[in-house]
Amino acid sequence: MRAKYLIELLTKNNLHISSAESLTGGLFSKTLTDIPGSSAAVNGCIVSYINDVKMNVLGVKKETIEKYTEVSKECAEEMARGAAKLFKSEIAVSFTGYAGPGGGTDKNPVGSAYICIFFKGKTKIFANIYNGDRNSVREQCVNTAIKELISLTEQL
């Protein structure tokens, strides 16, 4: 299981992770915390469905949401940076997008997702459009993040 391997890598490297989840509703954090011993690496998670939480807890700028919307790479980056700061973790991941069945825009149709990984001061953004129902979109986002986190951590 890739989540177990990620927890092992993080623990081995004395790294801590947190998340800011909108699109995934806590699924990423649940996936990691289902692993026994994950408390050695997981510092916390915030589910930030509404913009007030994104702004007032994670520090996303109002101007970012007004200019780019809450479903944007810019918002995802500020969410990840905010989670890293809030939970005092070297690594943070954020998820924002439209899982469906409703929502979506011409620019960001249902299935659109922005994932940002904050890794020791640097950020990497992944913008994808996933197919499938709501649960499938969320699971694909989590799997993408875990795969990318493993790749980054293995490079240490």
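Quantities reported herein were computed from a predicted structural model and do not represent experimental measurements. All chains use their own residue numbering, which begins from 1 and follows the written sequence. Confidence filtering applies because this is a predicted model: local features only for residues at pLDDT of at least 70, side-chain atom pairs given and counted only at 80 or more, and all residues used for totals across whole chains, interfaces and linings. The basis for every side-chain value is the complete set of non-hydrogen atoms in the structure, without hydrogens or water.

A.B. asks: Describe in detail the overall build of the chain, supporting the description with residues and values.
C.D. replies: Summing up its helical and strand segments, the chain has six helices and five strands in all. In sequence order, the secondary structure elements of the chain are arranged as α-β-α-β-α-α-α-β-β-β-α. The globule rule used here is 2.2 Å times the number of residues to the 0.38 power, and the radius of gyration it is set against is calculated over C-alpha atoms. Taken against the 2.2 N^0.38 rule, which gives 15 Å for 156 residues, the C-alpha radius of gyration of the chain at 14 Å falls within 12% of a compact globule. Structurally, the chain occupies a C-alpha span of about 45 × 30 × 25 Å along its principal axes. For the chain, with 156 residues in total, the buried portion stands at 49%. Of the contacts made within the chain by residues no fewer than 6 positions apart, 63% connect residues no fewer than 24 positions apart. Helix and strand definitions here come from DSSP, where helices need a minimum of 4 consecutive H or I residues and strands a minimum of 2 consecutive E residues; each element is numbered from the N-terminal end. Accessible area is worked out with a 1.4 Å probe on protein chains only. A residue is then buried under 20% of its type maximum, exposed over 50%, and partly exposed in between. By definition in these notes, contact holds between two residues if any of their heavy atoms fall within 4.5 Å.

A.B. asks: Pulling in residues and values, what's your account of a nonpolar patch on the surface?
C.D. replies: In this analysis, a patch consists of residues with relative accessible area above 30% that form no salt bridge, clustered at 9 Å for like charges and at 5 Å for the nonpolar side chains Val, Leu, Ile, Met, Phe, Trp and Tyr. The protein chains shown are the only cover counted for residues, whose accessible areas, like all others here, come from Shrake-Rupley with a 1.4 Å probe. Think of a salt bridge as a Lys or Arg side-chain nitrogen and an Asp or Glu carboxyl oxygen that are within 4 Å of each other. Residues Val47, Tyr49 and Ile50 make up a contiguous nonpolar surface patch of about 290 Å² in total accessible area. Residue position: Tyr49 is located in the loop between β2 (42-47) and α3 (51-56).

A.B. asks: Got a sec to walk through unusual backbone geometry? Specific residues and values, please.
C.D. replies: The bulk of non-glycine residues show a negative phi, and the bulk of peptide bonds are trans. Gly100 connects to Pro101 through a cis peptide bond whose omega is 5°. Relative to the helices and strands, Pro101 resides in the loop between β3 (91-97) and β4 (112-119). Even without glycine at this site, Thr69 takes up a positive phi of about 80°. By secondary structure assignment, the location of Thr69 is in the loop between α4 (62-68) and α5 (73-87). Owing to a relative accessible area of 34%, Thr69 belongs among the partly exposed residues under this scheme. For Lys88, which is not a glycine, the phi torsion comes out positive at approximately 50°.

A.B. asks: Please provide a residue-by-residue account of the nonpolar core, values included.
C.D. replies: Nine residue types can take part in a nonpolar core, namely buried Ala, Val, Leu, Ile, Met, Phe, Trp, Tyr and Cys, and a core is a set of them joined through side-chain atoms within 4.5 Å. Ile17, Phe28, Leu32, Phe95 and Ile115 are the most contacted members of the largest nonpolar core, which has 31 residues in total. Those elements that place two or more of their residues in this core are α1 (2-12), α2 (27-33), β3, β4 and α6 (134-154). Each residue touching Ile17, except ones within four places of it in the same chain, is listed here: Leu10, Phe28, Leu32, Ala41, Val42, Asn43, Gly44, Ser89, Ile91 and Leu149. In terms of nonpolar packing, the next biggest core, distinct from the first, is built from 17 residues, Ala20, Leu58, Val71 and Cys75 among them.

A.B. asks: How would you explain the side chain of Glu21 if you had to name every residue and give the values?
C.D. replies: Inspection of the secondary structure puts Glu21 in strand β1 (residues 17-21). No salt bridge is formed by the buried Glu21; the nearest opposite charge belongs to Arg138, separated by 8.0 Å. Once residues lying within four places of it in the same chain are set aside, the contact partners of Glu21 are Gly26, Leu27, Phe28, Ser29, Cys45, Ile46, Val47, Ser48 and Phe95. Neither His nor the chain termini are counted; the positive set is Lys and Arg, and the negative set is Asp and Glu.

A.B. asks: Got a sec to walk through α1? Specific residues and values, please.
C.D. replies: For α1, the full list of buried residues reads Ala3, Leu6, Ile7, Leu9 and Leu10. Projection of α1 onto a plane perpendicular to its axis shows the buried side chains occupying an angular sector of 160°, all on one side. In this fold, the buried residues of α1 make contact with β1, α2, β2, β3 and α6. Downstream of α1 by one or two residues, Asn14 has phi in the positive range, about 55°. Throughout, the arc means that of the directions going from the helix axis to the C-beta atoms.

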